[in-house]
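# Close look at the chain arrangement
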Amino acid sequence: MRTQIVAEGGIRLEVPELDGFRTSTGDFAPSLTPVFYNPQMEACRDISVGVLHVLAGELGELRVCDPLGGAGVRGLRYAKEVKEAREVVINDLSKEAFKMIERNVALNSLTNVLVRNEDANVLLRSDRRRFHVVDLDPFGSPAPFLESACSSLLRGGILAVTATDTAPLSGTYPKACLRKYGARSIRTEYGHELGIRILIGFCQRVGGIHELALLPILSHATRHYFRIYLKVTKGSRRVDEVLAKHGYVMDCSCGRRVITRGMRDPTCKCGKEFRVAGPLWLGDLGDAKFIRRIIDFLKGSQFRLKHVEIRMLELCAEEAHAPPTFYDSHKLARRMKTSPPKMERILKELAERGHFVSRTHFSPVGFKTDASFEELSSILSGGG
């Protein structure tokens, strides 16, 4: 395997030679490399470093586990860039990855890293350590690792989860979603939000087995992946409170949607039948105060992508406490057989009518509101 040295954040990293693993279209294909490394996830890793900085401000010293390390970039960045990271365990089942991680630890002169070569589930269940942060960043679904991750989490810590199987979660393969996550997905303009809510709900149900209440502090859909950060509290009462916010989204092709804790009349006002997504998380997608502290950290960083990251996080903070689902202003206008009004006008008019309204990071033409479908129709058609 030919390798090269790259730089990211505060570390230098030996990785497989990237030019040797490209598809016929010229795109880099990290899944083809003998040791996994995805340079397209740099922004995600920058934000993750920010999350740990904020968490360290709350808890002090941290113990961190990156059980699916690949080349080790995520765990190495935590060890180098988060001074409160007292111990970082980086693991990979691959012998080649294990050796590369060891070389990368030496390359960065790190003394707070423990490198392991085990099955991730075995590591998380058998290690005597418990962790303030477990970061599941698999290629594909995190589902096979979630219960083991929950068994190793400390109170007040964070479970960070990446899912790159966005197609099942977002309704392209609903049967696969049902198999992996115990929920039904549907294809719709807000499908990525439904996918993240299904992922959060699944993690919360698994956490509940261990009497862990997992609350989202940040959730985002970016390019080919979903990313969620769940804060850990313990106790059966807290778990019950979380699970009480699970339910369903009933969607009609006319544009109406119904948010419900239980099943309702399957027929929409327009006479068509609803499609149903869920069970899924119906609560907040994040903690606006926590997200703004991440933004403050990024503003003071030297990350090359920080302006893009900050723009996205500002939208995540704006919609953190918004009601579930969003409306696509262009698709809504097409349904009303009218031209889409400017986003500023929609936001202004809804706010003047006393409704919650926000933009959303899921779509540049999307907005969230608690206004009824009939009132939205009136605004888009120019009614009073």
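Scroll up for the structure.
This one's a predicted model, so the numbers in the text were calculated from it and none came from an experiment.

### Remarks on the packing of helix H7 (residues 174-181) against helix H8 (residues 191-209)
When two helices pack together, their arrangement is given by the angle between their axes and by how far apart the axes lie. Taken N-terminus to C-terminus, the directions of H7 and H8 make an angle of 20°; their axes are 11 Å apart at the nearest point. As summarised for this structure, H7 and H8 are arranged roughly parallel, according to the angle between their axes. The hand of the H7/H8 crossing is right-handed. Contacts between H7 and H8 involve Cys 177, Lys 180 and Tyr 181 from the first element and Ile 198, Leu 199, Phe 202 and Arg 205 from the second. Tallied by class, residues from the contact of H7 with H8 come to five nonpolar, no polar and two charged.

### A closer look at the pairing of strand S4 (residues 85-91)
Burial of S4 is extensive: six of the seven residues sit out of reach of the surface. Sheet topology places strand S3 (residues 62-66) next to S4; five bridges connect them, and they run parallel. Looking at the pairing, Asp 66 lines up with Ile 90 of S4. Bridge count for S4 against strand S5 (residues 113-116) is four bridges, and the pairing is parallel.

### Some points on H7
Buried within H7 are the following residues: Ala 176, Cys 177 and Tyr 181. The buried side chains of H7 occupy one side of the element, clustering within an arc of 100° when seen end-on. Exposed residues lying more than 90 degrees from the buried face of H7 are Lys 175 and Arg 179. Residues of H7 that are buried in the fold lie against strand S7 (153-163), helix H6 (166-169) and H8. Positioned one or two residues after H7, Gly 182 has a phi angle of 65°, which is positive.

### Here's the deal with the pattern of salt bridges
In this structure the tally under the stated criterion is 30 salt bridges. For Asp 135, the salt bridge goes to Arg 227, with nearest N and O atoms at 2.8 Å. Residue Asp 135 is found in strand S6 (residues 131-136), and its partner Arg 227 is found in strand S9 (residues 225-234); the two are separated by 92 residues along the sequence. In this structure, Asp 135 and Arg 227 share a single accessibility class: buried. Here Glu 375 ties to Arg 353 by a salt bridge, and the two come within 3.1 Å at their closest N and O atoms.

Rules of the game
- Residues numbered from 1 in each chain as written.
- Predicted model: local features only at pLDDT ≥ 70, side-chain atom pairs only at ≥ 80, totals over all residues.
- Heavy atoms only, no water.
- Axes fitted to C-alpha atoms, helices over the stretch in contact; angles between N-to-C directions.
- Helix = DSSP H or I, 4+ residues; strand = E, 2+ residues; numbered from the N terminus.
- Parallel < 35°, antiparallel > 145°, perpendicular 65-115°, else oblique.
- Left-handed = near helix turned anticlockwise from the far one by under 90°.
- Contact = heavy atoms within 4.5 Å.
- Nonpolar A, V, L, I, M, F, W, Y, C, P; charged D, E, K, R; others polar.
- Buried < 20%, exposed > 50% of the residue type's maximum accessible area, 1.4 Å probe, protein only.
- Pairing = 2+ DSSP bridges.
- Arc of directions from axis to C-beta.
- Salt bridge = Lys/Arg side-chain N within 4 Å of Asp/Glu carboxyl O.

By themselves these figures say nothing about function.
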